[in-house]
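A structural walkthrough
Here is what each chain is made of, one letter per residue.
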Amino acid sequence: MAIIVTFEFPGVSRAQYEEAVDRLTGGAGLNAPSDWPVRGLIVHVAGPTPDGGWHVTDVWESREAFEHFTAVLMPILQEVGIPTAPPLIREVHHVVR
């Protein structure tokens with residue numbers, strides 16, 4: 001079952017986000033879900049928050065796919081100084097592609 005994963009990163013900058021993306025993709029950037037280092041991403045959106053932080057929402061094909069991704073993501077977040085907090089995870093009822 002697909003899930004929605006939402007991260008809120010208070011105090012995180014666009015530069016930190018982009019550095020994490022560069023490390024995740026080997027500098028290739030994000031243009032399609034296939035650019036992620038693991039399979040299972042359906043959609044990724046990110047942007048600044050009104051309080052000067054960063055917001056990320058992903059839709060993953062399954063909780064297992066997301067958990068596989070976190071094994072790759074968490075060390076990278078530490079390396080670029082992004083504090084980790086548990087994401088909000090919800091089940092998806094309907095996805096339109």
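Residues numbered from 1 in each chain as written. Predicted model: local features only at pLDDT ≥ 70, side-chain atom pairs only at ≥ 80, totals over all residues. Heavy atoms only, no water.

**What about empty space enclosed by the protein?**
Space left empty within the atom packing is revealed by a probe, the size of a water molecule, rolled over the atoms. Filter applied, for reference: Method remark: on a 1 Å grid restricted to protein atoms, a set of points is classed as a cavity if a 1.4 Å probe fits but cannot get out and as a pocket if it is open with protein on both sides within 12 Å along at least five of seven lines; lining residues have an atom within 4 Å of a point. Grid points are joined across faces, edges and corners, and a volume is the space filled by probe spheres set on the points. Counting from the N terminus, the helices are the DSSP runs of H or I reaching at least four residues and the strands are the DSSP runs of E reaching at least two. Amino acids are sorted into nonpolar (Ala, Val, Leu, Ile, Met, Phe, Trp, Tyr, Cys and Pro), charged (Asp, Glu, Lys and Arg) and polar (every other residue, Gly among them).
Here the structure, examined in full by the defined rule, presents 1 cavity of 30 Å³ or more. Taken as a whole, the largest cavity holds about 160 Å³ of empty space. Forming the boundary of the largest cavity are 16 residues, of which Phe-9, Tyr-17, Val-56, Leu-73 and Leu-77 lie nearest the centre. Every element with two or more residues in the lining of the largest cavity is listed here: β1 (3-9), α1 (14-25), β3 (54-60) and α2 (63-79). The element contributing the most residues to the lining of the largest cavity is α1, with 4 residues. Across the lining of the largest cavity, the residue classes break down as 14 nonpolar, 1 polar and 1 charged.

**Concerning the layout of surface pockets**
The calculated volume of the largest pocket comes to roughly 150 Å³. Considering the residues around the largest pocket, the lining is formed by Tyr-17, Glu-18, Val-21, Leu-30, Asn-31, Ala-32, Pro-33, Trp-36, Leu-41, Val-43 and His-44. Mapped onto the lining of the largest pocket, the elements with two or more residues apiece are α1 and β2 (41-48). The residue inventory of the lining of the largest pocket, partitioned by class, reads 8 nonpolar, 2 polar and 1 charged.

**Points about α1**
Quick note on the threshold: Multiplying 1.5 Å by the helix residue count minus one yields the expected span of that helix. Per-residue accessibility, obtained with a 1.4 Å probe over protein chains only, is compared with the maximum for each type, and a residue is labelled buried under 20%, exposed over 50%, and partly exposed between these values. Directions drawn from the helix axis to the C-beta atoms are what define this arc. We call two residues in contact when some of their heavy atoms are within 4.5 Å.
With 12 residues, α1 should cover 16 Å at 1.5 Å per step; its first-to-last C-alpha distance of 16 Å lies within 8% of that length. Taken together, the buried positions of α1 are occupied by Tyr-17, Ala-20, Val-21, Leu-24 and Thr-25. Looking straight down α1, one finds that the buried residues subtend no more than 120° of arc, so they occupy a single side. Where the residues of α1 are buried, they touch β2, β3 and α2. In the segment just after α1, Gly-26 is the residue with positive phi, at about 65°.

**Quick notes on the sheet that holds β1**
Convention followed: Whether two strands pair depends on DSSP finding at least two bridges between them. Axes, fitted as lines to C-alpha atoms, cover a helix only where it is in contact. Angles between the N-to-C directions of the axes lie from 0 to 180 degrees.
Strand order in the open sheet made by the 4 strands is β2-β3-β1-β4, with antiparallel pairing throughout. Each edge of the sheet is formed by a strand with only one pairing partner; in this case those strands are β2 and β4 (88-91). For this sheet, the mean angle separating the axes of adjacent strands, direction not counted, is 15°. Judged from the 7 bridges that link them, β2 and β3 form a sheet pairing that is antiparallel. Bridging across to β3, Leu-41 finds its partner in Trp-60.

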